[in-house]
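Structure at a glance
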Amino acid sequence: MNAPQRMVPLAPFADCSGRGARQPEIWEPLLITREQIDAEVERLASLPRPANGRRMSRILHPAGTPGMGITQGTDVTIQVLKPGERTTPFRSNANALEICIRGEGTVVAQGGFRVARQDVWTLPPMRAHSHVNDGTDLWVRLTYSNTPLLSLLHALWEEEGEAIGAAETEADDLTEHQRRTYAWQNAPDVPIGTAGARMRGYEYLTDIPVVPNPPLHWPWSFATTQLNERLGDDQRTIMLLYHPATERRAGTTPSYFATWFRVAPGTPPYAGDRGHRHISASINYHVEGHGRSVVDGRTVEWKSGDLLLSAPTWSEHAHYVGGDGATILTVQDHPMHIALGSLLWQEKMNGPILALGAEAGQTGYTSPRTKGD
């Protein structure tokens, strides 16, 4: 007996004739205070250990849907491990970076490395990893990932357990000649005209040259030596945590850059009354200091230990650091937009809108601006 056939639904149409130009949907800034984070850490620590060891809580923006995170495409999760605990191995096609905000532990990923407070590291896609609290205090991490974006695309893939990657795969029936012939190195690559158009074989899509993307670790003990500490020390106030796998996208992961920002006590605050804006969304974790951010006309006061969605997509923002200085980790989905060709940047609100990566970019910006336009 033949199985009943499932009918493929017919696609509806939406008439968009004459639709005008559209602009980004701008969310409000979102502040998660140190007190809120501490309370959530204690709540998670009070729970019985889950089967996979992953005590975690997502931060949700009230403007979003259940599939979204702190921004439309970014999760920030608070993760807690008690002393002596470990998580089961896990992998995903999402990319992630983490910062330790309390305690210490070992990241078991491609050999593993030990981390302490304010260390930052990456968890590349499809690399099994686990976390071990081999310290004496709670180990608390903030994890930034692009899981909401993949969920929105219905493309999120996750796997956990000791048997990750152990499933056997069927051997293909290709001959050695076929393997050599139908690889990208030997595929057709035909130029068309002189402007750069080409036609290439399908192998270029399925046999992509590998760019190594190991997990990398930026210890705070070293990072702090590269940042401004005293007035007049000629150290930079902003430094990028760069992963070579991101190449021209200048990122820490394929989706995000992380930068350390520090200004010394006594540094004159930004004196302008206007900010700048960019398509990439920016999230600040304030390690030291206090200050305020003005985001689309709304003032947000922040202090050490607070997490702030400080620059929602395409919102005008300016930051004013208090007299005791500040140290801030900024995570921004800048590399993803470079890959998409969608990274717009407007440094002066009465100036041009630049498409970074597609035209000459913003230069001369190595420290906080001193005046606004």
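First, a word on what this report is: a plain description of the structure on this page.

Rules behind the numbers
- Residues numbered from 1 in each chain as written.
- Predicted model: local features only at pLDDT ≥ 70, side-chain atom pairs only at ≥ 80, totals over all residues.
- Heavy atoms only, no water.
- Helix = DSSP H or I, 4+ residues; strand = E, 2+ residues; numbered from the N terminus.
- Buried < 20%, exposed > 50% of the residue type's maximum accessible area, 1.4 Å probe, protein only.
- Areas by Shrake-Rupley, 256 points an atom, 1.4 Å probe, with all protein chains shown as cover.
- Lys, Arg positive; Asp, Glu negative; His and termini not counted.
- Charge placed at Lys NZ, Arg CZ, Asp CG, Glu CD.
- Pairing = 2+ DSSP bridges.
- Contact = heavy atoms within 4.5 Å.
- Salt bridge = Lys/Arg side-chain N within 4 Å of Asp/Glu carboxyl O.
- Phe/Tyr/Trp six-rings, centres within 6.5 Å; stacked < 30°, edge-to-face > 60°.
- Lys NZ or Arg CZ within 6 Å of the ring centre and 35° of its normal.

So, on to the overall build of the protein chain. When helices and strands are tallied, the protein chain shows six helices and 23 strands. In terms of overall dimensions, the protein chain has a C-alpha envelope of 75 × 55 × 45 Å along the principal axes. The 373 residues of the protein chain split such that 45% are buried. For the protein chain, the exposed area adds up to about 20600 Å²; of that, 55% sits on carbon and sulfur atoms. Taking the 34 positively charged and 41 negatively charged side chains of the protein chain as two groups, their mean positions are separated by 2 Å.

Attention now goes to the sheet that holds strand 5 (residues 96-102). Spatially, six strands are ordered 2-3-10-5-8-14 in an open sheet, and the strand pairing comes out antiparallel. Every other strand in the sheet has two partners, leaving strand 2 (55-58) and strand 14 (217-218) as the edge strands with one partner each. As defined by bridge partners, strand 5 adjoins strand 8 (residues 120-123) across four bridges and the pair is classed as antiparallel. Residue pairing across strands places Leu97 opposite Thr122, the latter belonging to strand 8.

Attention now moves to the side chain of Asn95. Its place among the elements puts Asn95 in the loop between strand 4 (90-92) and strand 5. When near neighbours in sequence (up to four residues on either side) are disregarded, Asn95 contacts Leu123, Pro125, Tyr144, Ser145, Asn146, Thr253, Pro254, Ser255 and Tyr256.

What follows concerns the pattern of salt bridges. Here the structure, examined in full by the defined rule, presents 17 salt bridges. The partner of Glu98 in a salt bridge is Arg141, with the nearest N and O atoms 3.2 Å apart. In this pair, Glu98 sits in strand 5 while Arg141 sits in strand 10 (residues 139-145), placing the two residues 43 residues apart along the sequence. With respect to class, Glu98 is no different from Arg141; both count as buried.

What follows deals with the packing of aromatic side chains. When we look at a pair of aromatic rings, we describe it by the centre distance and by the angle of the planes. The tally for this structure, following the rule as stated, stands at four aromatic pairs. Centre to centre, the rings of Trp121 and Trp139 are 6.4 Å apart; their planes meet at 35°, and the pair counts as tilted. With Trp121 in strand 8 and Trp139 in strand 10, this pair connects stretches of sequence that are 18 residues apart. Judged by its relative accessible area of 0%, Trp121 falls in the buried class. Centroid distance Tyr270 to Tyr320: 5.4 Å. Interplanar angle 35°. Geometry classified as tilted. Taken together, the residues span a long stretch of sequence, with Tyr270 in the loop between strand 16 (257-263) and strand 17 (277-278) and Tyr320 in strand 21 (residues 317-332) at a distance of 50 residues. Residues Tyr270 and Tyr320 agree in their burial class; the two are buried. Positioned above the aromatic ring of Trp139, the side-chain terminus of Arg141 is 5.1 Å from the ring centre. One residue, Arg292, lies across the ring of Tyr320, its end atom 4.2 Å from the ring centre.

By themselves, these observations are geometric and do not establish any function.
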